[in-house]
Amino acid sequence: MSSPGLFDAFRSNGAPTYYDSNKTPFMADILESGLIYAFVIVAFSFFIILPGIRGKERIFVLIRVTVTLFIGGVIMLTNFGYEWEVAEAKNVRTKYKAGSAGEITADIAVYMGLRGINVTLKASDGGKPYFNETINYNEHFDWRWEQGRLGFGIFAGRFNQEFRAAQFRGTPLPIIWIAEYFTFDGEGIRWGRHYRQAGWYAHIMMWLALPLWVLTIVLFFILLKYGAYFLMMTGGVMVIANILWATIRNVNELVIPFSAEHKLEFHFGPSFYLNLITGLLCIILGVVIWVLDLRFPELVTNFFGVDPLQDDSFVQGGSIETVENKNGIEMQGVENGHAAPARGSSRPSRQAAAAEDDDDDDDEIYEPPVFEPPPAPTTTKFEKRKSRGLTQRLQKPRRRPPPPVPENQADDDDDLYSNTRNPDQVHINMGYRH
């Protein structure tokens with residue numbers, strides 16, 4: 001027999017310590033909590049560097065970062081949140097489980113999202129006096145994204161399969177009663193189908209709003225006008241998601257009765273209104289930034305901390321001209337075809353005088369440009385010397401010597417051009433005059 005070890009105290013027969021299961025429902029969505037935590041970390045990182053920014057720029061950065069992260073956080077939270085529609089009933093008297101005659105008084109709530117529903121059941125007195133257990137449930141049923149066949153088999157939809165699994169687990173009757181309304185798919189009783197379709201199209205719009213939000217951030221550092229356009233597009237897509245959810249859902253309002261006094265009546269929840277308000281806010285902010293960029297470009301560029309020359313609408317006339325001065329080269333706007341005078345100088349610039357001369361010469365005939373022939377290829381002295389020597393050695397001279405002049409012909413030529421015999425005679429009209 002082995003000697004007792006360090007961890008064998010207070011154990012019977014050497015068996016490991018046994019702890020009973022402690023089933024506790026999750027009171028918050030883990031994914032939703034993680035998204036909130038991620039955006040809070042990013043915001044906190046930006047807020048730390050604010051003391052290092054001077055002057056009014058500190059306030060501008062605070063506003064920009066806060067609004068930008070708020071919009072991004074709303075897009076992600078409403079996409080994965082489960083509060084697009086909410087129904088709640090307090091102090092409902094209902095049965096607890098199948099095969100048991102006992103009843104409980106509990107608070108029942110249903111939270112509906114784009115991908116499924118959460119059903120909570122919590123007894124008012126805890127449930128221990130009747131069933132010797134803590135009654136606090138939170139069950140999730142997912143419907144993404146196929147409808148599937150009728151029934152609850154392997155070819156059925158995901159929601160129907162999870163509903164049948166909950167029945168086999170012995171889930172309390174109030175939760176089964178609520179989930180059963182979403183399994184019907186016939187005639188006008190198709191709440192599950194219509195809510196699934198509404199969530200499908202709405203979640204596509206929410207995923208589209210995310211890259212638009214990212215492009216908005218990038219464009220605000222390049223061109224404010226296009227950043228305003230994409231901000232309005234982001235808000236418009238978010239509002240379209242609300243419209244799709246409100247119109248595709250079943251026209252027959254879903255009401256789940258438990259008694260004459262207690263009914264679960266569904267209405268739009270916080271996620272729906274938060275997404276709608278944020279979308280309208282994005283549209284309004286985009287319009288305001290666009291109008292201010294047209295009317296007061298300097299103020300807007302100072303607020304966003306960008307170069308005003310990046311936007312072509314900042315310079316009137318739409319073009320820029322360089323002007324040389326003693327201190328260097330500076331950019332100067334062109335208005336109505338003429339360069340504006342430089343600051344601090346009363347005399348017009350040379351570019352303006354040249355522009356006036358061009359206007360006076362409009363009537364002159366345009367002369368086409370003369371193109372000079374391309375320069376001959378340059379060769380080094382060594383190459384020239386080498387080619388000259390090679391030519392003299394291998395190539396025969398091309399100039400021929402002149403032919404010899406006969407002696408008699410040379411005398412005849414002298415007679416043609418000179419009158420040596422009779423110098424007093426003059427040749428006139430092929431004759432002689434004495």
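Residues numbered from 1 in each chain as written. Predicted model: local features only at pLDDT ≥ 70, side-chain atom pairs only at ≥ 80, totals over all residues. Heavy atoms only, no water.

### Topic: the overall build of the protein chain
The secondary structure content of the protein chain amounts to 12 helices and 12 strands. Out of the 434 residues in the protein chain, the part that is buried amounts to 30%. For the protein chain, the share of sequence-separated contacts (at least 6 apart) that also reach a separation of at least 24 residues comes to 60%. As displayed, the protein chain offers around 30,300 Å² of accessible surface, 59% of which is attributable to carbon and sulfur atoms. (Helix = DSSP H or I, 4+ residues; strand = E, 2+ residues; numbered from the N terminus. Buried < 20%, exposed > 50% of the residue type's maximum accessible area, 1.4 Å probe, protein only. Contact = heavy atoms within 4.5 Å. Areas by Shrake-Rupley, 256 points an atom, 1.4 Å probe, with all protein chains shown as cover.)

### Quick word on the sheet that holds strand 1 (residues 85–95)
Ordered by their spatial adjacency, 5 strands build an open sheet running 4-3-2-1-7, and the pairing between neighbours is antiparallel. The outermost strands of the open sheet, each flanked by one partner alone, are strand 4 (136–142) and strand 7 (267–268). Here 7 bridges tie strand 3 (residues 116–123) to strand 4, and the two strands are oriented antiparallel to one another. Paired with L121 across the two strands is Y137, which belongs to strand 4. (Pairing = 2+ DSSP bridges.)

### Section: the side chain of T216
Within the element layout of this structure, T216 appears in helix 6 (residues 191–219). With a relative accessible area of 3%, T216 lands in the buried category. In this structure the side chain of T216 is engaged in a polar contact, spanning 3.4 Å, whose partner is the backbone oxygen of F230. The contacts of T216, once residues within four sequence positions are left out, are G227, F230, L231 and T234. (Polar contact = N/O pair within 3.5 Å; in protein donor to acceptor, adjacent residues only side chain to side chain.)

### Things to note about the confidence of the model for the protein chain
With 64% of its residues at a pLDDT of 70 or more, the protein chain has an overall mean of 75. Put simply, strand 8 (residues 320–325) is where the protein chain has its lowest mean pLDDT, 46, and helix 7 (residues 224–248) is where it has its highest, 93. Counted against residues more than four places away or in other chains, residues 342–348, with its pLDDT under 50, gives 2 contacts. Taken as a whole, residues 427–434 scores under 50 in pLDDT and shows 9 contacts with residues more than four places along the chain or in a different chain. (pLDDT = per-residue confidence, 0-100.)

### What to know about the layout of surface pockets
In this structure, the second largest pocket encloses a volume near 650 Å³. In terms of lining residues, the second largest pocket is bounded by 24 residues, among which R64, V65, T68, F220 and F304 are the most central. At the level of secondary structure, the elements contributing two or more residues to the lining of the second largest pocket comprise helix 2 (57–80), helix 6, helix 8 (270–295) and helix 9 (297–304). With 8 residues, helix 2 is the single largest residue contributor to the lining of the second largest pocket. Of the residues in the lining of the second largest pocket, the class split is 21 nonpolar, 2 polar and 1 charged. (1 Å grid on protein atoms, 1.4 Å probe; cavity = no way out; pocket = protein on both sides within 12 Å on 5 of 7 lines; lining within 4 Å. Points joined across faces, edges and corners; volume = space filled by probe spheres on them. Nonpolar A, V, L, I, M, F, W, Y, C, P; charged D, E, K, R; others polar.)

### Here's the deal with the nonpolar core
Counting 58 residues, the largest nonpolar core has F182, W245 and L264 as its most contacted members. By residue number, the principal contributor to this core is helix 6, which donates 9 residues. Beyond its immediate chain neighbours, meaning those up to four positions away, W245 contacts W84, E85, M112, G113, L114, Y195, A198, G199, A202, F268 and F272. With 6 residues, the next largest nonpolar core counts L50, I53, V61 and V65 among its residues. (Core = buried A, V, L, I, M, F, W, Y, C linked by side-chain atoms within 4.5 Å.)

### Examining the packing of aromatic side chains
Following the criterion strictly, the structure yields 20 aromatic pairs and no others. Measuring from centroid to centroid gives 5.0 Å for F60 and F303, while their planes differ by 55 degrees, and the two rings are tilted. Pair noted here: F60 is in helix 2 and F303 is in helix 9, with a separation of 243 residues, a long-range link. Owing to a relative accessible area of 23%, F303 belongs among the partly exposed residues under this scheme. (Phe/Tyr/Trp six-rings, centres within 6.5 Å; stacked < 30°, edge-to-face > 60°.)

### Side note on unusual backbone geometry
Positive phi is not limited to glycine here, since N91 has a value of about 55 degrees. On the secondary structure map, N91 appears in strand 1. Here N91 falls in the partly exposed class, since its relative accessible area comes to 47%.

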